[in-house]
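Residue-level structure breakdown
Residues per chain, in single letters:
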Amino acid sequence: MSWQAYIDTSLVGTGNVDKAAIFSAAGDSVWAKSNNLTVSPQEMQAVVAAYKDPGQGGVKKVQSEGLHIAGERFVVIKADERSMYGKKGREGVCIVKTTQAILVTHYPESVQPGVAANTVEQLADYLIKVGY
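Residues numbered from 1 in each chain as written. Predicted model: local features only at pLDDT ≥ 70, side-chain atom pairs only at ≥ 80, totals over all residues. Heavy atoms only, no water.

Right, let's get into the overall build of the protein. Counting its regular elements, the protein contains four helices and seven strands. When the elements of the protein are put in sequence order from the N terminus, they spell out α-β-β-α-α-β-β-β-β-β-α. Against the globule reference of 14 Å for 132 residues, the protein gives a C-alpha radius of gyration of 13 Å, in line with a compact fold. With respect to the three principal axes, the spread of C-alpha positions in the protein is 40 × 35 × 25 Å. (Helix = DSSP H or I, 4+ residues; strand = E, 2+ residues; numbered from the N terminus. Rg over C-alpha atoms; globule rule 2.2 N^0.38 Å.)

Structure (structure tokens):
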């Protein structure tokens, strides 16, 4: 399956996320994206830096400062070595890192956060299983 097919079918196509992009794990190249999501290089580097941050006392810097995706600020409610979840009102972002990729997704107010996160985490599990 092409990277764009993962966006169109496994992410946005489910209806559980409305915007998505797949980046290299280094955050320096876009492998595929939906037309309605533009993540700046600076925003992507902040995501990569958040994954590298070991945190202090179990809290990463991104959890106290928030994260910007597509020009919008999200309060980060979860950040670990694999996943970051952010909220802005009733919408949010789910960002999941695999071995070689970072999945960046946005869900609208109409979708429950757990449903969106499950969709993204399942694709991440599959990509890890097949070596990505």
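Structure's up, so let's keep going.
This part is about the packing of helix 1 (residues 3-11) against helix 4 (residues 113-129). Running from amino to carboxyl end, helix 1 crosses helix 4 at an angle of 145°, the nearest separation of the two axes being 11 Å. At the point where helix 1 passes helix 4, the crossing takes the right-handed sense. Here helix 1 contributes Trp3, Tyr6, Ser10 and Leu11 to the contact with helix 4, which in turn contributes Thr119, Val120, Leu123, Tyr126 and Leu127. Of the residues that constitute the contact of helix 1 with helix 4, the class distribution is seven nonpolar, two polar and no charged. (Axes fitted to C-alpha atoms, helices over the stretch in contact; angles between N-to-C directions. Left-handed = near helix turned anticlockwise from the far one by under 90°. Contact = heavy atoms within 4.5 Å. Nonpolar A, V, L, I, M, F, W, Y, C, P; charged D, E, K, R; others polar.)

Given a rise of 1.5 Å per residue, twelve residues ought to cover 16 Å, and the 17 Å separating the end C-alpha atoms of helix 2 (residues 41-52) matches this to within 8%. Listing the buried residues of helix 2 in full gives Glu43, Met44, Val47, Val48, Ala50 and Tyr51. Looking down the long axis of helix 2, one finds its buried residues gathered within 155° of arc, a one-sided arrangement. Seen from the open side of helix 2, the exposed residues pointing more than 90 degrees away from its buried face are Pro41, Gln42 and Lys52. On its buried face, helix 2 is in contact with strand 1 (19-24), helix 3 (61-65), strand 3 (67-69), strand 5 (83-88), strand 6 (91-97) and strand 7 (101-107). (Expected span 1.5 Å × (residues − 1). Buried < 20%, exposed > 50% of the residue type's maximum accessible area, 1.4 Å probe, protein only. Arc of directions from axis to C-beta.)

Structural measurements only, silent on function.
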